Amino acid sequence: MLRMSDTPIELEPQLSIQPPTQPEVERGLQPPPLFQLPPPTQDPPETQHQTQIQPEIQLSESGPEHQPQAVSLWVKHRRLLLLLWGSAALLGLMYYIHQNRNRSSDQPGTVTPCLSPACQWASARLSMSADPFKEPCDYFLFMCGSDRLTQDSRGRHRGQGIPGHPQNQNGKSAWPERKGERSLREEKVMDRKTMLLQYIREILESNDRAGSSAVQKTKRFFNSCLDTRSIETAGVEPFLTLIHKLGGWAVSGQWNKTDFNSTLSLLMRDYATFPFFNLYVGRDPKEISHERNKRYIQIDQPDLLIPIEWNSKSQKSRAKAQTLRPFMATCQRYLALLGAPPSSDMMHVGMFMSLSSELAVKATPLQYRLSKGQLHQRMSIKELQIQAPAIDWLGCLRAAFHPLPLMEDDHVLLHNLPYVVHMSPIIGKWLNKYEPSNSAPLQTYMVLNLLHTLMPAMDSRFSEREKNVSVGDADGTAPRWRRCVLETERGFDSVLTHLLRERTAHREAEEMIENIFSAFKSKLHELKGTNQKSLQSVMTKVQSLIPRLWITSEISGDAELDMLFSTVSVSTHSFFSNYVQLLSLWQKRRRRLLSEPSEPPDVLSVTPLLLGSELLFPLGMFVPPLFHPTYPRAMNYGVVGFLIAKDILHMLLPDISSQSETVHAVGECVWTHYLTVTEKASRGGAFSLSSAQRQEVWVQFSALQIALQAYYQSLENRPGDTSISGLSHTHLFLSAFSQVNCDFDPYHEFMPLEPSFLIKVICARSHLCPTSLQCPSQTQQHSLQTC
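Residues numbered from 1 in each chain as written. Predicted model: local features only at pLDDT ≥ 70, side-chain atom pairs only at ≥ 80, totals over all residues. Heavy atoms only, no water.

### Here we look at the overall build of the chain
Which entries qualify depends on this criterion: To qualify as a helix, a DSSP run of H or I must reach at least 4 residues; to qualify as a strand, a run of E must reach at least 2; elements of each kind are numbered from the N terminus. Exposure is judged per residue with a 1.4 Å probe applied to protein chains only, and the accessible area is read against the type maximum: over 50% gives exposed, under 20% gives buried, and values in between give partly exposed. Note on contacts: a residue pair qualifies if any of its non-hydrogen atoms lie within 4.5 Å across the two residues. Only the protein chains shown count as cover for residues, with accessible areas throughout obtained via the Shrake-Rupley method and a probe of 1.4 Å.
Helices and strands together make up the secondary structure of the chain, namely 29 helices and 13 strands. For the chain, the residues scored as buried account for 51% of the 787 residues in total. By sequence separation, contacts in the chain at least 24 residues apart represent 78% of the contacts at least 6 residues apart. When the accessible surface of the chain is totalled, it reaches about 36,300 Å², and 53% of it is carbon and sulfur.

Encoded structure:
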């Protein structure tokens, strides 16, 4: 834990950001020293004037006897001086033209317009939004359409997931998915994940027939998922055929009395179904700190179908009493749809619920297991067999990860050993008591779990019943296209990664990553009141990081993709058969993860990942409409540049920023600006910020500064930029920022004000912005300090 010293600091970390080639109207902008470039070397006007008149002074002071010689020398010197002055003037003119070509480009009316289709779309969208410089009094109140400016909206406790746990694997952000009806406002503030899914959807719906066979199979799978008419026409017959393939079940009166462990192995291998426990693949957090990349099979409690609740007093789980009746009705409806005779369905449903309730007793919440040290418990498969003998562990794991050579001495990681130990005798009891008869409750239990796995491919009669009761993790509010994109990614992730890689502007993305990270490192030097040893530790860590675009060279082209999916056959009108193949592909993906040392890119990731000494930025961060290679760089940096900077700050500085006096000072400074501008303090509507709120204000304000510095660095490296709507570069940068600052990440509830208000704060520095953001009726803003 990084600690901060109690050294007092100055209240304001000076922001003075200035474009390297700014117009005269913005010259008063004084960026922080890290942003500034040395001015061009030239003599001051006074010195030049003195140089010019010096010979005449000397001539008038000479005596008469020396005047002819002096005149002759003066003529020679004058010719030489004229030659030198002419050369200097020519060089000065060339320098002036070079500088003002860039300076004038940041003045409205003189910028080079961007006319690409992407820019025309962005211009139309920008024209429909509030312009901070035309509506300076209240533009920031209407950007996100949410009311977060109340004392009761201070946010929930941070950290829903447990780092390193499979449910939050590899440190990926578990962002909350927003639900509810789509509306114009929701579309306006659409989160990054939804924008990425929309972009992938557009790729999959494109009519390009020239792609590889793997690409065409991926598109056919997606389209078959959207073809609900064919799904409705197929009905239950495909699933009934699959049950027969598994040996039948007692519900229909046709069961071949298949072996329990054989059926379980088959479900795990071919159908990615895990009725009694879950399987993951991931690293051991204890080894990550030692930079070991070995991955392990990880065994966890299952996702039980019956709704359960945790009793903290008894420290046991039980079925939710208020949901038992609707859950039972849903199970009965499922059996009826599958052709079960009414006379026996109640018996089978009763045994299914009884078995589920017994297994649920030792299913415990993640936080509880973390507090008890039950996560990532290591043991060999041989030791696990002794602890839970009812399961043929080596046989089941070999089936799930075939053809990998697993041995009984190989280690696995368990996340709820008490549940596994509790589960084994329950299975043994039900096997001995019921399997000799024709009721076969364990077989019924496994078939219903398989039905849940295949629910996305079943007709609407099943999905409608699933919406009526909390069974599993059904999300009936998500539009069909979104669910189809997510299902497509499960089996065809490598194809989607390939398609995104082809469409990503690598050079522009890598340049932005480099500039943002450089500006971020500069920002670290502004932190005050921090324990110097801790700060130096952070600086050393940051300096050792290698930021890069998260791509892989394992699949380099269409031919390799076609080979990888050569055995996959995708039907145009049978989504059920396609989905069964998808489950097989998903298991292959799991096997690759166990055997390959490198981290495969997560095609659906929209936030950076810290992996060892590498800071990886996924392709999903650089997709339209947030980023486009033809956009003016001002737009790309104002949107994606800000988001990258914010993500880095959240990822790398949680401890130091929470204790730094700079964080406190900047947070309070920005809050004072807000209270003054909105006049909340005078009306009694002010409240104090919590430490989490101050930190989030500092993070977002710093991210805006970093993005602006990085953009100016980009202009220095590559002078010149285009624009849209005739806006100056700084104006466009800030206007673009105002359109995306409502991004719904896990920290947005800690932000006590609309992030677009930060434009007013950053423009408090005189001449930073193209025009003043001061509201005419609020003259008191002149006395506000810069943050």
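From this point on, the discussion continues.
### What about the state of the cysteines?
Each disulfide is one covalent bond, formed between the sulfur atoms of two cysteines. Keep this limit in mind: By convention in this document, the label disulfide applies to cysteine sulfur atom pairs within 2.5 Å.
Summed over the entire model, instances satisfying the criterion amount to four disulfides. The residue that forms a disulfide with cysteine 669 is cysteine 787, at a sulfur-sulfur distance of 1.9 Å. Taking the torsion about the S-S bond as the criterion, the cysteine 669 to cysteine 787 disulfide, at about -85 degrees, is left-handed. Taken together, the residues cysteine 669 in helix 26 (residues 661-678) and cysteine 787 in the segment after helix 29 (758-762) connect sequence positions 118 residues apart.

### Remarks on the pairing of strand 5 (residues 295-300)
Here is the rule: At least two bridges found by DSSP between two strands are what make those strands a pair.
Along strand 5, six of the six residues are buried, which leaves the element largely enclosed by surrounding structure. Relative to strand 5, strand 4 (residues 278-283) runs antiparallel, the two being bridged by six bridges. Across the sheet, glycine 282 pairs through a bridge with tyrosine 296, a residue of strand 5. Alignment of strand 5 against strand 9 (residues 411-414), held across three bridges, turns out to be parallel. Looking across to strand 9, one finds that glutamine 298 is bridged to leucine 413.

### Side note on the sheet that holds strand 8 (residues 377-380)
Backbone-to-backbone hydrogen bonds pair the strands of a sheet. The strands run either parallel or antiparallel. How we decide: Note on geometry: axes are C-alpha line fits, over the in-contact stretch for helices, and angles between N-to-C directions span 0 to 180 degrees.
Across the sheet, four strands lie side by side as 4-5-9-8; this open sheet has mixed pairing. Each edge of the sheet is formed by a strand with only one pairing partner; in this case those strands are strand 4 and strand 8. The mean angle between the axes of side-by-side strands here comes to 35 degrees, regardless of whether they run parallel or antiparallel. Helix 23 (residues 575-595) rests against strand 4 and strand 5 of the sheet, and its axis sits at about 35 degrees to strand 4.

### Here we look at the sheet that holds strand 10 (residues 546-550)
Spatial strand order, 10-12-11: three strands in an open sheet with mixed pairing. The open sheet has two free edges, formed respectively by strand 10 and strand 11 (609-611), since each of these has just one partner strand. Looking at each pair of strands side by side, their axes are set apart by 30 degrees on average, direction ignored. Two elements, strand 11 and strand 12 (residues 614-618), share three bridges in a ladder whose sense is antiparallel. Note on strand 12: the bridge partner recorded for leucine 611 is glutamate 614. In this fold helix 20 (residues 506-524) packs onto strand 10 and strand 12, with an angle of close to 155 degrees to the strand it touches most, strand 10.

### Side note on the pattern of salt bridges
Formally: Think of a salt bridge as a Lys or Arg side-chain nitrogen and an Asp or Glu carboxyl oxygen that are within 4 Å of each other.
Across all of its chains, the model carries 18 salt bridges by this definition. The salt bridge involving glutamate 502 is made with arginine 503; its shortest N-O contact spans 3.9 Å. For the salt bridge of glutamate 526 with lysine 523, the shortest nitrogen-to-oxygen distance reads 2.7 Å. Looking at lysine 523, the relative accessible area reads 8%, which means it is buried. What emerges from the salt-bridge pattern is a single network uniting Asp284, Glu287 and Arg378.

### Points about the packing of helix 5 (residues 192-205) against helix 19 (residues 480-503)
As a reminder, the rule being used: Any angle between 65 and 115 degrees counts as roughly perpendicular, while under 35 counts as roughly parallel, over 145 as roughly antiparallel, and the rest as oblique. In this count, Pro and Cys sit with the nonpolar residues alongside Ala, Val, Leu, Ile, Met, Phe, Trp and Tyr, while Asp, Glu, Lys and Arg are called charged and the others, Gly among them, polar.
Where helix 5 contacts helix 19, the axes come no closer than 10 Å and their chain directions differ by 75 degrees. Taken as axis vectors, helix 5 and helix 19 run roughly perpendicular relative to one another. Contact residues: helix 5 offers Lys193, Thr194, Leu196, Leu197, Gln198, Tyr199, Ile200, Arg201, Ile203 and Leu204, while helix 19 offers Trp481, Arg482, Val485, Leu486, Thr488, Leu496, Leu499, Leu500 and Arg503. Considered class by class, the residues forming the contact of helix 5 with helix 19 number 12 nonpolar, three polar and four charged.

### Focus: the packing of aromatic side chains
For any two aromatic rings, the description comes down to two numbers: the centre-to-centre distance and the angle of the planes. What counts, and what does not: Only the six-membered ring of Trp is used, alongside the rings of Phe and Tyr, when aromatic pairs are assigned; centres must lie within 6.5 Å, and planes under 30 degrees apart are stacked while those over 60 apart are edge-to-face, with the rest tilted.
Considering all chains together, one arrives at 19 aromatic pairs under this definition. Summarising the aromatic geometry, the rings of tyrosine 334 and phenylalanine 462 are spaced 5.8 Å apart at their centres and angled 25 degrees between planes, so their arrangement reads as stacked. Here tyrosine 334, found in helix 11 (residues 321-337), pairs with phenylalanine 462, found in helix 18 (residues 460-467); they are 128 residues apart in sequence, far enough to count as distant. Look at tyrosine 334 and you get buried, because its relative accessible area is 6%. The rings of Phe221, Phe492, Phe565, Phe575 and Tyr579 are connected pair by pair, giving a single aromatic cluster.

### Regarding the nonpolar core
Let me state the cut-off plainly: The term nonpolar core refers to a set of buried residues drawn from Ala, Val, Leu, Ile, Met, Phe, Trp, Tyr and Cys, joined through side-chain atoms within 4.5 Å.
Phe276 and Phe622 are the most contacted members of the largest nonpolar core, which has 198 residues in total. With 13 residues, the top contributor of residues to this core is helix 27 (residues 691-717). Setting aside residues no more than four positions away along its own chain, phenylalanine 622 makes contact with Thr504, Ala509, Met512, Ile513, Leu549, Phe617, Phe627, Val640 and Ile644.

### Here's the deal with the environment of alanine 388
As for its placement among the helices and strands, alanine 388 is situated in the loop between helix 14 (381-387) and helix 15 (393-400). Note: C-alpha distance between alanine 388 and isoleucine 427 (39 residues apart in sequence) is 9.9 Å. Those residues within four positions of alanine 388 in sequence are excluded, and the remaining contacts are Trp393, Val420 and Ser424.

### Side note on the packing of helix 20 against helix 21 (residues 532-544)
Viewed as axis vectors pointing N to C, helix 20 and helix 21 meet at an angle of 170 degrees, and their least axial separation amounts to 11 Å. In terms of axis orientation, helix 20 runs roughly antiparallel to helix 21. On helix 21, the residues touching Phe517, Phe520, Lys521 and Leu524 of helix 20 are Leu535, Met539, Val542 and Gln543. In the contact of helix 20 with helix 21, the residues fall into six nonpolar, one polar and one charged.

### Description of the side chain of glutamate 489
Rules: Polar contact is the term for a pair of N or O atoms within 3.5 Å; when the atoms are in protein, one must be able to donate a hydrogen and the other to accept it, and sequence-neighboring residues count only if both atoms are side-chain atoms.
Take glutamate 489: it is sitting in helix 19. A polar side-chain atom of glutamate 489 sits 2.8 Å from a polar atom in the side chain of arginine 589.

### Side note on unusual backbone geometry
Cis peptide bonds are those with omega within 30 degrees of zero, and the linkage from histidine 402 to proline 403 qualifies with 10 degrees. Turning to its location among the elements, proline 403 is positioned in the loop between helix 15 and strand 9. Even without being glycine, glutamine 315 reaches a positive phi, approximately 55 degrees. Within the fold, glutamine 315 resides in the loop between strand 6 (308-311) and strand 7 (316-319).

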